[in-house]
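Here are the chains, one letter per residue:
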Amino acid sequence: MNSVEKRDKKGKGYRWSMTTQPRHKSDYETLSSGYTIDNLHEKTLQDATGSFEQIFIHVREALQCFDDAGTIRDSKYDICHQVARRLSRFYRER
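Here, residues in each chain are numbered from 1, in the same order as that chain's written sequence. Only residues with pLDDT of at least 70 are given local features in this predicted model, and only at 80 or more are side-chain atom pairs given and counted; all residues enter the totals for whole chains, interfaces and linings. Hydrogens and water molecules were not included; the side-chain quantities draw on all heavy atoms of the structure.

Here's the deal with the overall build of the protein chain
Secondary structure summary: the protein chain contains three helices and three strands in total. Only DSSP runs of H or I with at least four residues qualify as helices, and only runs of E with at least two residues qualify as strands; both kinds are numbered from the N terminus onward. Listed by position from the N terminus, the elements making up the protein chain come as β-β-β-α-α-α. Each residue gets one of three labels from its accessible area relative to the maximum for its type: buried under 20%, exposed over 50%, partly exposed in between, using a 1.4 Å probe on protein chains only. Across the 94 residues of the protein chain, 21% fall into the buried class. Residue contacts follow a heavy-atom distance rule, with two residues in contact if any of their heavy atoms lie within 4.5 Å. Put simply, 25% of the contacts in the protein chain that link residues at least 6 apart link residues at least 24 apart. As presented, the protein chain carries roughly 7400 Å² of accessible surface, and 50% of it is formed by carbon and sulfur atoms. Per-residue accessibility takes into account occlusion by the displayed protein chains alone, with areas from the Shrake-Rupley method and a 1.4 Å probe.

Structural data, given as structure tokens:
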């Protein structure tokens, strides 16, 4: 069976859903969904558990200088630069 996963950040956590497509005519399509609280909107690097949370926090902090979607859309290379600079500093210190 093939599956498709989707996640949307919402407040203190994220909504997720997974759809599994049937391979055979006798199989059923299944949909599972839920909401997971991760508090990544307010965690600090000291609170992070694992590399995903550390990266998320670095990206979140790097993007704080871009205050609205229009600025972000127009500045995608600036965003990449800010994220890469912040992450390279972090990994240099390790």
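Some details on the sheet that holds strand β3 (residues 30-37)
Pairing between strands is defined by DSSP: at least two bridges between them are needed. The strand order β1-β2-β3 describes an open sheet built from three strands, whose pairing is antiparallel. Of all the strands in the sheet, the pair left with one neighbour each is β1 (2-10) and β3. Taking each pair of neighbouring strands and ignoring which way they run, the sheet shows an average axis angle of 15°. Pairing between strand β2 (residues 13-21) and β3: eight bridges, direction antiparallel. Note that in β3 the partner of M18 across the bridge is S32. To obtain each axis, a line is fitted to C-alpha atoms, and for helices this fit is confined to the stretch in contact; angles are then taken between N-to-C directions over 0 to 180 degrees.

Section: unusual backbone geometry
In this structure, N39 is a non-glycine residue whose phi angle is positive, near 55°. Looking at the element boundaries, N39 is found in the loop between β3 and α1 (51-63).

Details of the pattern of salt bridges
Counted as salt bridges are all cases of a side-chain nitrogen of Lys or Arg within 4 Å of a carboxyl oxygen of Asp or Glu. A complete count under the given rule lists four salt bridges for this structure. The partner of E5 in a salt bridge is R7, with the nearest N and O atoms 2.7 Å apart. Accessibility expressed as a relative area gives 46% for E5, which makes it partly exposed. Across the salt bridge formed by D8 and K6, the nearest N and O atoms sit 3.9 Å from each other. Of the residues examined, D8 reaches a relative accessible area of 33% and is grouped as partly exposed.

Considerations on the packing of aromatic side chains
Paired rings are identified among Phe, Tyr and Trp, the last through its six-membered ring, by centres lying within 6.5 Å, and are further divided according to the angle between planes into stacked (under 30 degrees), edge-to-face (over 60) and tilted (the rest). Counted according to the given criterion, the structure contains one aromatic pair. Relative to F56, the ring of F52 has its centre 6.3 Å away and its plane inclined at 40°; by these criteria the two rings are tilted. Here F56 and F52 lie together in helix α1, a separation of four residues that amounts to about one turn. Residue F52 is classed as exposed on the basis of its relative accessible area, which comes to 60%.

Let's talk about the pairing of β1
Pairing of β1 with β2 involves nine bridges; the strand directions are antiparallel. In the sheet register, S3 faces β2, and the bridge partner there is T20. The antiparallel hairpin formed by β1 and β2 contains two residues in its connecting segment, where G11 sits at a positive phi of about 60°.

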